[in-house]
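Results of the structural survey
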Amino acid sequence: MKRVITYGTFDLLHYGHINLLKRAKDLGDFLIVGLSTDEFNLIKGKKSYFDYNQRKILVEAIRYVDFIIPEYSWEQKISDIKKYKIDIFVIGDDWEGKFDFLKDLCQVIYLPRTPEISTTKIKLDLFRTK
Ligand code: C2G
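The structure contained in this document is the topic of the report that follows. Throughout, a residue's number is its position along its own chain's written sequence, starting from 1. Selection of residues for local features in this predicted model requires a pLDDT of at least 70, selection of side-chain atom pairs for listing and counting requires 80 or more, and totals for whole chains, interfaces and linings are taken over all residues. For the side-chain quantities, the full set of heavy atoms in the structure was used; hydrogens and water were omitted.

Some remarks on helix α1 (residues 15-26)
Our working rule: Helix numbering and strand numbering both begin at the N terminus, where a helix is a DSSP run of H or I of at least 4 residues and a strand a DSSP run of E of at least 2. The span you would expect from a helix comes to 1.5 Å times its residue count less one. Only protein chains enter the area calculation, which uses a 1.4 Å probe; residues under 20% of their type maximum are buried, those over 50% are exposed, and those in between are partly exposed. Note that the arc is defined by the directions from the helix axis to the C-beta atoms. Residues count as neighbours in contact if any of their non-hydrogen atoms are within 4.5 Å of one another.
Taking 1.5 Å of rise per residue, 12 residues should cover 16 Å, and α1 covers 16 Å from first to last C-alpha, within 8% of that figure. Of the residues making up α1, those classed as buried are G16, H17, L20, L21, A24 and K25. The buried residues of α1 occupy an angular sector of 165° when projected down its axis, which confines them to one face. For α1, the exposed residues lying more than 90 degrees away from the buried face are Y15 and D26. In this structure, the buried residues of α1 make contact with β1 (3-8), β2 (30-36), β4 (88-92), β5 (107-111) and α5 (119-128).

Below you can see the structure in the form of structure tokens.
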């Protein structure tokens with residue numbers, strides 16, 4: 001049973017997110033998502049359109065996702081990996097190198113982002129087509 005974990009806000013859920021979660025699940029047998037809380041988003045300098053509970057309803061409906069935990073800090077990754085006996089930490093390569101400190105605990109994989117799509121782009125395009 002190979003356990004995989006990833007973290008993110010997953011606001012305005014789109015095919016780039018799904019593509020990441022599918023590839024993450026394909027790396028193992030069980031995928032945990034650390035879903036950023038609204039409070040942690042503030043720390044990340046992000047304001048999500050959907051709040052935590054709304055984003056959780058969307059993410060838990062995804063076939064590739066087996067379990068969701070709240071992400072409330074940068075530091076929790078280390079204890080999460082130990083607590084859930086994680087084999088692989090995976091995230092998009094916009095974070096390339098940022099989580100190499102986890103390499104002592106588990107495999108760290110940065111996956112290529114899906115080009116062209118982002119929550120910011122969706123917001124900007126919608127604003128322009130007003
Ligand atoms: N992603 C992707 N392709 C895109 C957009 C996003 O592969 N076009 C990936 C990101 O790289 C990330 C995941 O989808 O792995 C979730 O994206 P965000 O919600 O933007 O995550 P972020 O705010 O970067 O949070 O502690 C880690 C942070 O919580 C990551």
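From this point on, the discussion continues.
Quick look at the sheet that holds strand β3 (residues 67-71)
Note on sheets: strands pair through backbone hydrogen bonds, and any given pair is parallel or antiparallel. Definition in use: Strand pairing is defined by DSSP finding a minimum of two bridges between the two strands. Interaxial angles span 0 to 180 degrees and are taken between N-to-C directions of axes, which are lines fitted to C-alpha atoms, for helices over the stretch in contact.
Ordered in space as β3-β2-β1-β4-β5, the five strands form an open sheet in which the pairing is parallel. The sheet is open, and its two borders are formed by β3 and β5, each paired with just one other strand. Adjacent strand axes in the sheet meet at a mean angle of 25°, parallel and antiparallel pairs treated alike. As paired elements, β1 and β4 share two bridges and run parallel to each other.

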